[in-house]
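In case you want the letters, here they are:
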Amino acid sequence: MLIQNGIAFVDGALRRADVRVTQGRIAEVGALAPHPGEEVRDAGGLFVLPGLVDIHIHAFAGADCMRGEGDVRRMSDGLLETGVAAFVPTTMSAWPKETHEALSGIEAVMKRPQARGAAVLGAHMEAPFLALKFKGAQLGECLRMPSLEAYEEMTAGLSCVRMMTLAPELPGALDLIARLKERGVVTCAAHTEAKAADIHAAADAGLTQITHLFNAQTPLHHREPGVPGAGLADERIIVQVIADGIHLHPDILRIAGLCKGAKGVALISDSMEAAGLPDGQYDLGGQAVYVKDGAARLQSGVLAGSTLLLHQAIRNMITLAKLPPETVIPMATSTPADSVGAKGFGRIEPGASGVLLLMDGGWNFAGVVC
């Protein structure tokens, strides 16, 4: 297939370029003429972006990765239609057996991908090594102290874990961070009482990301920068941002973008099962979640994930945070892909994934080429 007359995001810039996709991969980029009999799609001046990469997503359109393989497959199918080329299904607090079952379902889809779905890059464990005080919508009774033994109990016989979110101030956390780094697992901080010094120490041990910046963590203060301050200041750390206009004020979105730039922010959805569905009552980890005006909350009022679609996050960072598109686009494509070592995703270049997102001049979703 040849996609013509689009404004493609190539090598960090938006420019007129045609893109040829062959057998699911990008074959050529440039001023291209159709081959005899080749299918041609006229992009009509739309922006042509790499397929999105979501490294923190619990659920989508009624499917939740904690429910096993069938739901992960439904997520894969549905997310592709929103422009997501690859994702990291994210677990939440549960008992060890339940966590193992959820991870088994994720690994099954990794090994036997959907024929036409977003690629599963691995699992992101957002629990159970979290601080009770900042548990947010996580189940407090399922939280544990970090240790390699506890990790191996949940992951026995599996190799799908790509990311782990934990509270780095907990006893044993720094050792676990170092051990997981040896295994190629990316570690992130959130649901944490950590001070700035704890975050820098964790980065020394191998931690490389802050999960949902400013949410479920100590606040930024001018004499104690807390988790956000350390994450924004430490060049070794990528900050995950939920750009739905609910979790973070537009000024905070802009501050994060200005501090960290295109390579320091990973836009995430952190979505629960109501993403892509209307307001109403839903479920997250066995807890009732009430969605009103797109905001997902527990009965207590605590935010319980989001209903954000990742292409909406791009629009919000451009229109609400007033950041240049060339800065924002990598935040949802190459930066998250690179952060988890996902080669072949996040860029429009020969050999990369042939999933392409189309957006209009107002940065609204305009379709998917896959």
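Here is what the cut-offs are and how they apply
Residues numbered from 1 in each chain as written. Predicted model: local features only at pLDDT ≥ 70, side-chain atom pairs only at ≥ 80, totals over all residues. Heavy atoms only, no water. Helix = DSSP H or I, 4+ residues; strand = E, 2+ residues; numbered from the N terminus. Rg over C-alpha atoms; globule rule 2.2 N^0.38 Å. Buried < 20%, exposed > 50% of the residue type's maximum accessible area, 1.4 Å probe, protein only. Contact = heavy atoms within 4.5 Å. Lys, Arg positive; Asp, Glu negative; His and termini not counted. Charge placed at Lys NZ, Arg CZ, Asp CG, Glu CD. Pairing = 2+ DSSP bridges. Axes fitted to C-alpha atoms, helices over the stretch in contact; angles between N-to-C directions. Phe/Tyr/Trp six-rings, centres within 6.5 Å; stacked < 30°, edge-to-face > 60°. Core = buried A, V, L, I, M, F, W, Y, C linked by side-chain atoms within 4.5 Å. Polar contact = N/O pair within 3.5 Å; in protein donor to acceptor, adjacent residues only side chain to side chain. Expected span 1.5 Å × (residues − 1). Disulfide = S-S within 2.5 Å.

Along its length, the chain carries ten helices and 21 strands. Here the C-alpha atoms of the chain give a radius of gyration of 20 Å, agreeing with the 21 Å that 2.2 N^0.38 yields for 370 residues. Classification of the 370 residues of the chain by burial places 58% in the buried group. Expressed as a percentage of contacts within the chain between residues at least 6 apart in sequence, the contacts between residues at least 24 apart total 69%. Each charge sign in the chain was given a centre, from 31 positive and 40 negative side chains, and these centres are 2 Å apart.

Taking strand neighbours across the sheet as the criterion, the three strands line up as β17-β18-β19 in an open arrangement whose pairing is antiparallel. Two strands lie at the open edges of the sheet, namely β17 (280–284) and β19 (295–297), each paired on one side alone. Mean inter-strand twist for the sheet, computed between neighbouring axes without regard to direction, equals 35 degrees. Examined bridge by bridge, strand β18 (residues 287–292) and β19 share three bridges and lie antiparallel to one another. Residue pairing in the sheet places V291 in a bridge with A296 of β19.

Aromatic ring pairs: the centre-centre distance and the angle between the two ring planes describe each pair. Following the criterion strictly, the structure yields one aromatic pair and no others. With 4.1 Å between their ring centres and 5 degrees between their planes, F47 and W363 make a pair best called stacked. Linking F47 in strand β5 (residues 47–50) with W363 in the loop between β20 (356–359) and β21 (365–369), this pair joins segments that are 316 residues apart in sequence. Comparing F47 with W363, the two get one shared label, buried.

All right, on to the nonpolar core then. Formed by 92 residues in total, the largest nonpolar core has its most connected members in L49, F87, Y151, V241, L267, I314 and M317. Dropping the residues within four chain positions of it, L267 is found in contact with V53, V241, A243, L310, A313, I314, M317, V328, M331 and A332. Of all hydrophobic cores here, the second largest spans 14 residues; its members include I26, V48, L358 and V369.

Here the focus is helix α6 (residues 226–233). Along α6, seven of the eight residues are buried, which leaves the element largely enclosed by surrounding structure. All buried positions along α6 are accounted for by G226, V227, P228, G229, A230, G231 and L232. Among the structural elements, α5 (196–205), β14 (209–210), β15 (238–241) and α7 (250–260) are those in contact with the buried residues of α6.

What follows concerns unusual backbone geometry. Each neighbour pair has its own omega, and for A127 with P128 the value is 15 degrees, a cis peptide bond. For P128, the location among the structural elements is in the loop between β11 (123–125) and α3 (148–155). In this structure, Q23 is a non-glycine residue whose phi angle is positive, near 50 degrees. The topology assignment puts Q23 in the loop between β2 (13–22) and β3 (25–30).

We now examine the side chain of T211. Along the chain, T211 falls in the loop between β14 and α6. A polar side-chain atom of T211 sits 2.7 Å from a polar atom in the side chain of T165. Not counting the four nearest positions on each side in its chain, T211 is found in contact with H56, H124, E126, T165, C188, A189, A190, Q217 and Q240.

So, about helix α2 (residues 96–111). Between its first and last C-alpha, α2 extends 22 Å over 16 residues, near the 22 Å set by a 1.5 Å rise per residue. For α2, every residue scored as buried is listed here: P96, T99, A102, L103, G105, I106, E107, A108 and V109. Packing partners of the buried residues in α2 comprise α1 (69–80), β9 (84–91), β10 (119–120), β11, α3 and β12 (161–166).

On inspection of all chains with the given rule, the structure shows zero disulfides. Just so you know, C142 is unpaired, no disulfide at all, and the nearest cysteine sulfur is the one on C65, 15 Å from it. Here C188 is not cross-linked by a disulfide; its sulfur's nearest cysteine counterpart is in C65, at 15 Å. Owing to a relative accessible area of 0%, C188 belongs among the buried residues under this scheme.

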